[in-house]
Structures are given as structure tokens and as C-alpha cells.
Amino acid sequence: MGSIIIILLSFSAGLLGGMGMGGGTILIPALTIFMGVEQHVAQAANLLAFLPMALISLKIHSGNGLIKSRGSLWIIVPAVVFSVGGAFLASVTPSALLRRMFGAFLIALAIKQAYDSYAALRARMQKRRT
Amino acid sequence: MKGFYRELAAMLSGAAIGIANGLFGGGGGMIAVPLLSGAMNYEEKAAHATAILIIAPVSLAGAVAYIISGFALPYVVIPAAVGMTAGGAVGALLLNGLPLAAVKAIFVAAMLAAGIRMLMP
């Protein structure tokens, strides 16, 4: 029963993830809040579950001509190195603290996303007026 | 931005994306998208798609570290991978046809609610 609910929650997260907007930021809180999964375990599950999803959605996106690798190696190489450091940091952080830090991270991302959307909308309105 | 400064900015952002994605087990793509569409002049849908290309190797490295630390439990990982892969395929097919603004509004609301819930003890 539990695994069916996890599949359903992950499917919803994957919908967003496949569009390139943070499936993990939905899956991790869904697992901890609704399923009582421990924070580190939820984070590990998201990292692993993301991999097959990324392969399939990359295939679809490149078919649609949406993948542009221009300049991306400059981001990828330091990101890979620092992600191992971040993972180590997580492994030494107590579960309850990591959960709260994750909550704060989510709120910051939501505010940033809302602000960006608002700025884009305003720019479009102004363009229409002139 | 031009030449050296653009590459430096890309590398610093890469470091931030890596730390966040490793520490929180996700979310790096959320930092990558505005970087690609802003500083690197990607068209919005291409930025979303290319963010996945960037996060895939980053998540792979993070996943290995989490496995070594013993946090990968099959009874959570397997159903999560099945659901997420199916959802991801549908989401990728929809990206070309959906109004992004509507999807984003729902997404922001969900993130805010979850964030507040997680801050509570």
C-alpha cells in the first residue's frame, strides 16, 4: 500500500521534473510529510529516482530541439565536484535540522520563482503597451 | 556578460548548484533555470530542458555519496523511481504545449506550503 502511494506522489513530482522545474523539491517534502520518510532517506531517493527520469525526458526534449549544451560544461564540472561536498555536509547534519534547512530552502526558492514570474509578466505588459 | 567574467559566473553558479543539490538532494535545477535564461541568454523552455542535462551528472555524483552513507533504502527508491520516470515522460511531452505561467503558480503554492510545514517541529 505504501509503495503505491509513493508511486503516485512520485508521478506528480515527475510531471514537474520532466518540465525541468524541480521535481525533487516536491517529492522530498511529499515523502517526509505524507509518508514519514526520514529526511536523508527522502533526499537519497530523490537523487536516484531523478536519474532514469532525466534520461527519458532528455531524450524527449532533444527530439523537440530544446537541449542547448552551449557553455553548460562551465556549470557542470564545478557543480559535480561541489555536490559531493554538499552530500557530505548533509551526512553529518542531524535529520531534524536538515529538514528545517530544507524547508527554508523551499520557501526561498518559491519566493524567487514568484518574483521572477512577476517581473517577466510586468516586462511583457510594458512591451505590449509601447 | 562577456568572456572570462561569464565563465567565472557560470563556475560560481555551478558551485552553488552543486552544494544545494548535494546538501538537499535536489533543487539544483531550480537555481540552474534562472541562470540559463538570464545570464546565459537561453530561451525559457530550452533553459528548463537544459537544466535537466546539467543536473543529471550532479545528481549521479550526489546519489553515489548518499548510497555510500547508507541512506538509499530500496523500499523508497524503487517506487519513487517508477513513479517519477512515468511522470517525467508525461511532463516532458507536455512542456511544449502547456502555459508555463499556470504550472508555475501551482508549483510556487505547493513549495510554499511544504516549506512552511517543514519549518514546524
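Given the structure is predicted, the values throughout are model-derived calculations rather than measurements.

## A look at the domain arrangement of chain B
Residue and element names in this part refer to chain B. When the domains of chain B are assigned, the result is domain 1 (1–72) and domain 2 (73–121). Computed from C-alpha coordinates alone, the two centres of domain 1 and domain 2 are separated by 18 Å. Opposite the seven residues of domain 1 that make contact, domain 2 presents eleven residues. Between domain 1 and domain 2, roughly 640 Å² of surface is buried when both sides are summed, and carbon and sulfur atoms account for 65% of that area. On the domain 1 side of the interface with domain 2, the three residues burying the most area are Met30, Lys45 and Ala72, jointly 66% of the side's total. On the surface where domain 1 and domain 2 come into contact, there are one salt bridge. Note that Glu44 is salt-bridged to Lys104, the shortest N-O span being 2.5 Å. It is helix α3 (residues 44–68) that provides the largest number of residues to the side of domain 1 that touches domain 2, a total of three residues.

## Re the pattern of salt bridges
Oppositely charged side chains are able to pair whenever their charged atoms sit close together. Residue and element names in this part refer to chain A. Within this structure, the stated rule accounts for two salt bridges over all chains. Measuring nitrogen to oxygen at the nearest pair gives 2.7 Å for the salt bridge that ties Asp116 to Lys112. Here Asp116 and its partner Lys112 are both found in helix α5 (residues 95–129), four residues apart, which amounts to about one turn of the helix. Overall, the relative accessible area of 41% leaves Lys112 in the partly exposed class.

## Things to note about the packing of α5 of chain A against helix α2 (residues 28–37) of chain B
For the pair α5 of chain A and α2 of chain B, interaxial distance at closest approach is 11 Å and the crossing angle is 25 degrees. Regarding the angle of α5 of chain A to α2 of chain B, the classification is roughly parallel. Of the two possible hands of crossing, α5 of chain A and α2 of chain B adopt the one that is left-handed. On α2 of chain B, the residues that touch Phe105, Leu109, Lys112, Gln113 and Asp116 of chain A of α5 of chain A are Met30, Ile31 and Pro34 of chain B. Tallied by class, residues from the contact of α5 of chain A with α2 of chain B come to five nonpolar, one polar and two charged.

What counts and how
- Per chain, the residues get numbers from 1 upward, laid out in the order the sequence is written.
- Here every chain gets a letter starting at A, and every ligand a number starting at 1, in the order they are written.
- Given that the model is predicted, a residue must reach a pLDDT of at least 70 before its local features are reported, and side-chain atom pairs must reach 80 or more before they are shown or counted; all residues, however, enter totals for whole chains, interfaces and linings.
- Derived side-chain values reflect all non-hydrogen atoms in the structure, with water molecules and hydrogen atoms excluded from consideration.
- Each domain's extent is set by a domain assignment, obtained either automatically or from a database.
- Residues are treated as being in contact if the distance between any of their heavy atoms lies within 4.5 Å.
- Once two parts are put together, the accessible area they lose, assessed with a 1.4 Å probe and summed over both, is termed the buried area.
- For salt bridges, the criterion is a side-chain nitrogen of Lys or Arg within 4 Å of an Asp or Glu carboxyl oxygen.
- Put simply, DSSP marks the helices as runs of H or I at least four residues long and the strands as runs of E at least two long, and each gets a number from the N terminus on.
- Under the scheme applied here, a residue whose accessible area is under 20% of the maximum for its type counts as buried, over 50% as exposed, and between as partly exposed, the area being computed with a 1.4 Å probe on protein chains only.
- Only the stretch in contact is used when a helix axis is fitted, and all axes are lines through C-alpha atoms; the angle between N-to-C directions ranges over 0 to 180 degrees.
- Roughly parallel here means an angle under 35 degrees, roughly antiparallel means over 145, roughly perpendicular means 65 to 115, and every remaining angle is called oblique.
- Crossings are sorted by hand: turned counterclockwise from the far helix by less than a right angle, the near helix makes the crossing left-handed, and turned clockwise it makes it right-handed.
- For this classification, the nonpolar set comprises Ala, Val, Leu, Ile, Met, Phe, Trp, Tyr, Cys and Pro, the charged set comprises Asp, Glu, Lys and Arg, and every other residue, Gly included, is treated as polar.

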